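# Secondary and tertiary structure notes
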Amino acid sequence: MNEELTGAEITIRCLQAEGVDCIFGYPGGAVLFIYDELFKQDKVRHILVRHEQAAVHAADGYARSSNKVGVALVTSGPGVTNAVTGIATAYMDSIPLVVISGQVPTNAIGLDAFQEVDTVGITRPCVKHNFLVNDISELAITMKKAFYIAATGRPGPVLVDIPKDVTQQKMAFTYPEKVSMRSYNPVIRGNLKQVKKAVELILSAKRPVIYTGGGVILSDAAKQLTELAKMLDYPCTNTLMGLGGFPATDRQFIGMLGMHGTYEANMAMQYCDVLIAIGARFDDRVIGNPKHFSNENRKIIHIDIDPSSISKRVKVDIPIVGNVPDVLKELIKLLKSTKENPDQTALSEWWKQIDLWRERDCLKFDRQSDIIKPQMVVEKLYEVTKGDAFVTSDVGQHQMWAAQFYKFDKPRRWINSGGLGTMGFGMPAAMGVQLANPKGKVACITGEASIQMCIQELSTCKQYKLPLKIVNLNNRYMGMVRQWQEFFHGNRYAESYMNALPDFIKLAESYGHVGMRIERPEDIEDALREAFKLKDQLVFLDFITDQTENVFPMVPGGKGLSEMILV
Amino acid sequence: MENEAGALSRVAGLFSARGYNIESLSVAPTEDPTLSRMTLVTSGSDEVIEQVTKQLNKLIEVVKVIDLIDGNHIERELMLVKVKAVGDDRDEIKRLADIFRGCIIDVTDKSYTIELTGTSSKLDAFLDAIDNSAVLETVRTGASGIGRGDWVLKV
């Protein structure tokens, strides 16, 4: 008979058994026994955040940059409701998380007890799955299931709600080695017949495009994707979530596509004859209006692990449901064994057309400006970090410029909230990235509006000496809101001006960090170099940028991909 | 689906979150007490039904989803209806209940309670056949469905 442990001890033992080395959380009444057990051990490190939203974002950044399951621990009631934004963020981007929440004791559930909330109910629509552990006998198996569900198939956040009395009860502990669930069996291998059909179609293409999304990053398929694209010499575009899946500095990379994608990527997407979609979901920010998209005839191959992603917004011709790297390996094998080759004449014509589109130079901006152009800051950041930094972002114009101007050659380097678009994500996510990659250079590209949504985490960064570089593109506006108001709302800038900004330098310094204000274009590079030299310091770089700069190209909402507004 | 607390609300939540429509839903445990079986009636284009099916399959507690419309199937719904029954109407309502193979299961001097089983459209037809003002109260279970023939849905 194994030794009897309390529920709190079991919870920690489960984390240890899963190899979790770092969790993010905030204590409170319902999780005090769990915190007591955390205190008594040293295998699982706990990072104390300043707000539960940040705990989940940090766990999320940790997961995105490491391909491990991120773990957050919050208390009942407000602890959980604060965490919801983080959970929904992870859900929209399919990030594997386990969120452990405290709950009031089982005999108090439903009685409107202090700090009680229907956690399972509130989080149900934004988790892959959730559990309420009513009995200690269910605890270990539930934890096992949570990690299993979070990390397999299309990943996602799983919440485990543990009532306080369950953390006190005792029971013999064994951690199950395996778990099998009759109702959950994610597919891995693609249907071979479909893969064969895909090979035929790929080889028949005259104007092919490879379009890949976050699925390539999440499933660690960048290597296979690059091999496939290279052997075919087909152009490749990545979604916002897919950047780094294919090297951005490669000639075959035609840039990001979508609402703020490059001219060449969007035109190629619209006018290709064979589209190979991999781990992407044709969402509204990517293909614009689906009716306009389907005006052009093209055949679509769609590889994705989630059957519900297939033919959701756009009807596809050859669906392949499976784990992306496994399907790509199969595809590459078949392509290698076939004697046929793509039509090289047609392909070189296609490349000529793409290069013509490229000449449009859609990302140009005024490099002679006396005021700092935000694009320039991102470009310099890329140069100074030699393209090797982990870059997180918040949400808005700065996010788009980061995606357009930082060339990601490796997966898991670009960390942003793509699906939910959560302002406040950047800094806490960067904390998670830094903890998962202690030696990595981590920059958070943000704006003066977004950064204030989780600014309290400067304190966490101080406590754990996280040497983030905060690149604040400060234009004194909620830039993307302002841009839409300029384009679509008659220049009426309703509530989008950031009045009463703090002195970010003093604010950073008050936490013991370093602050720098940069106001002239010629100072950008030196400031960045100096910041990265301060290896052990968080540096808050406040770049005062052009207030009127807009993100181009832009596909207005409801328009088609080829209907871009260009500079 | 797994006979677990919360499984039903996951299904109901999915339908409301994604804007699908539930016409009826009936659920109860099966001969295997760890499993529940739900019959859900919905409507939509082929694309919508395909998405409904895929989204249901994605729910962790859903073990298997079949679209009964894809093959021959039988569906039945139970309705209890309380109707005003006085004077000459008493005979008329009794006759009507007989025609629809309903049973009168409760009687007062002013009303009958009739139990009626059949497809949803048969139950609708019965309600259409009796005078609307006579209907005092109805309660319906929603359809339960099963495939025809030897084929069985087993986990």
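Conventions and cut-offs
Residues numbered from 1 in each chain as written. Chains lettered and ligands numbered in written order. Predicted model: local features only at pLDDT ≥ 70, side-chain atom pairs only at ≥ 80, totals over all residues. Heavy atoms only, no water. Helix = DSSP H or I, 4+ residues; strand = E, 2+ residues; numbered from the N terminus. Buried < 20%, exposed > 50% of the residue type's maximum accessible area, 1.4 Å probe, protein only. Contact = heavy atoms within 4.5 Å. Areas by Shrake-Rupley, 256 points an atom, 1.4 Å probe, with all protein chains shown as cover. Lys, Arg positive; Asp, Glu negative; His and termini not counted. Charge placed at Lys NZ, Arg CZ, Asp CG, Glu CD. Polar contact = N/O pair within 3.5 Å; in protein donor to acceptor, adjacent residues only side chain to side chain. Phe/Tyr/Trp six-rings, centres within 6.5 Å; stacked < 30°, edge-to-face > 60°. Core = buried A, V, L, I, M, F, W, Y, C linked by side-chain atoms within 4.5 Å. Pairing = 2+ DSSP bridges. Buried area = accessible area lost by both parts, 1.4 Å probe. Salt bridge = Lys/Arg side-chain N within 4 Å of Asp/Glu carboxyl O. Nonpolar A, V, L, I, M, F, W, Y, C, P; charged D, E, K, R; others polar. Axes fitted to C-alpha atoms, helices over the stretch in contact; angles between N-to-C directions. Parallel < 35°, antiparallel > 145°, perpendicular 65-115°, else oblique. Left-handed = near helix turned anticlockwise from the far one by under 90°.

Along chain B, the regular secondary structure elements total four helices and seven strands. Going from N to C terminus, chain B has its helices and strands arranged as α-β-β-α-β-α-β-β-α-β-β. Across its three principal directions, the C-alpha atoms of chain B cover 55 × 35 × 30 Å. Taking all 155 residues of chain B together, the buried fraction comes to 32%. In chain B, 65% of the contacts between residues at least 6 apart in sequence involve partners at least 24 apart. Surface exposure of chain B reaches about 9100 Å², of which carbon and sulfur atoms provide 52%. When the 18 positive and 26 negative side-chain charges of chain B are each reduced to one mean point, those points stand 2 Å apart.

Moving on, we get to helix 11 (residues 263-271) of chain A. The element helix 11 of chain A is extensively covered by neighbouring structure, given that eight of its nine residues are classed as buried. Considered for burial, the residues of helix 11 of chain A that qualify are A:Tyr263, A:Glu264, A:Ala265, A:Asn266, A:Met267, A:Ala268, A:Met269 and A:Gln270.

Moving on to the side chain of A:Thr239. Along the chain, A:Thr239 turns up in the loop between strand 10 (236-238) and strand 11 (253-256). The class for A:Thr239 is buried, based on a relative accessible area of 8%.

Turning to the environment of A:Thr152, a few remarks are in order. Residues and elements named next belong to chain A. Locating Thr152 in the fold gives a position in the loop between helix 6 (139-151) and strand 7 (157-163). C-alpha separation for the pair Thr152 and Gly261, spaced 109 residues apart in sequence, amounts to 30 Å. One polar contact links Thr152 to Tyr184, side chain to side chain, over a distance of 2.8 Å.

Residue and element names in this part refer to chain A. Applying the stated criterion across every chain, the model contains 20 aromatic pairs over all chains. Ring plane angle 85° and centroid distance 5.9 Å describe the contact between Phe487 and Phe488, whose orientation is recorded as edge-to-face. Look at Phe487 and you get partly exposed, because its relative accessible area is 24%. When its relative accessible area of 35% is taken as the criterion, Phe488 is described as partly exposed.

Next up on the list: the nonpolar core. All names here are of chain A. Ranked by internal contacts, the top residues of the largest apolar core, which has 101 residues, are Tyr211, Ile278, Phe282, Ile301, Leu541 and Phe543. Not counting chain neighbours up to four residues away, the residues in contact with Phe543 comprise Ile372, Val377, Val471, Asn472, Leu473, Asn474, Ile518, Ile524 and Leu528. Grouped together as the second largest cluster of nonpolar side chains are 49 residues, Ala58, Ala59, Ile415 and Leu538 included.

Below, the discussion takes up the sheet that holds strand 15 (residues 390-393) of chain A. All names here are of chain A. With parallel pairing, six strands are arranged side by side in an open sheet as 16-15-17-18-20-19. Strands at the two margins of the open sheet, each flanked by one partner only, are strand 16 (414-415) and strand 19 (514-518). With five bridges connecting them, strand 17 (residues 442-447) and strand 18 (residues 469-474) associate as parallel partners. From the neighbouring strand, Ala443 faces strand 18, where its bridge partner is Lys469.

Between chain A and chain B, the residue contacts involve 18 residues of the former and 19 residues of the latter. In this assembly, chain A packs against chain B so that about 1500 Å² is buried in total across both faces, 46% of it on carbon and sulfur atoms. Looking only at chain A, the three residues that lose the most surface to chain B are A:Arg124, A:Arg182 and A:Ser183, adding up to 42% of its buried area. There are three salt bridges connecting chain A and chain B. The closest approach of N and O atoms between A:Asp306 and B:Lys58, which form a salt bridge, is 2.8 Å. Summed over the shared surface of chain A and chain B, the number is ten residue pairs in polar contact (both at pLDDT 80 or more). Looking at the side of chain A that touches chain B, its residues break down into six nonpolar, five polar and seven charged.

Residues and elements named next belong to chain A. Inspection of every chain in the model, using the stated rule, returns 40 salt bridges over all chains. The salt bridge involving Lys144 is made with Glu18; its shortest N-O contact spans 3.7 Å. A residue pair is termed long-range when its members are at least 10 positions apart, and Lys144 in helix 6 and Glu18 in the loop between helix 1 (7-17) and strand 2 (22-25) qualify at 126 residues. Note on Glu18: relative accessible area 27%, which makes it partly exposed.

Another aspect to go through is the packing of helix 3 (residues 52-66) of chain A against helix 18 (residues 426-436) of chain A. All names here are of chain A. Where helix 3 contacts helix 18, the two axes come as close as 6 Å, and the packing angle between them is 45°. Considered as vectors, helix 3 and helix 18 are oriented oblique to each other. By crossing handedness, the relation of helix 3 to helix 18 is classed as right-handed. Seen from helix 3, the contacting residues are Ala54, His57, Ala58, Gly61, Tyr62, Ser65 and Ser66; seen from helix 18, they are Pro428, Ala429, Met431, Gly432, Val433, Leu435 and Ala436.

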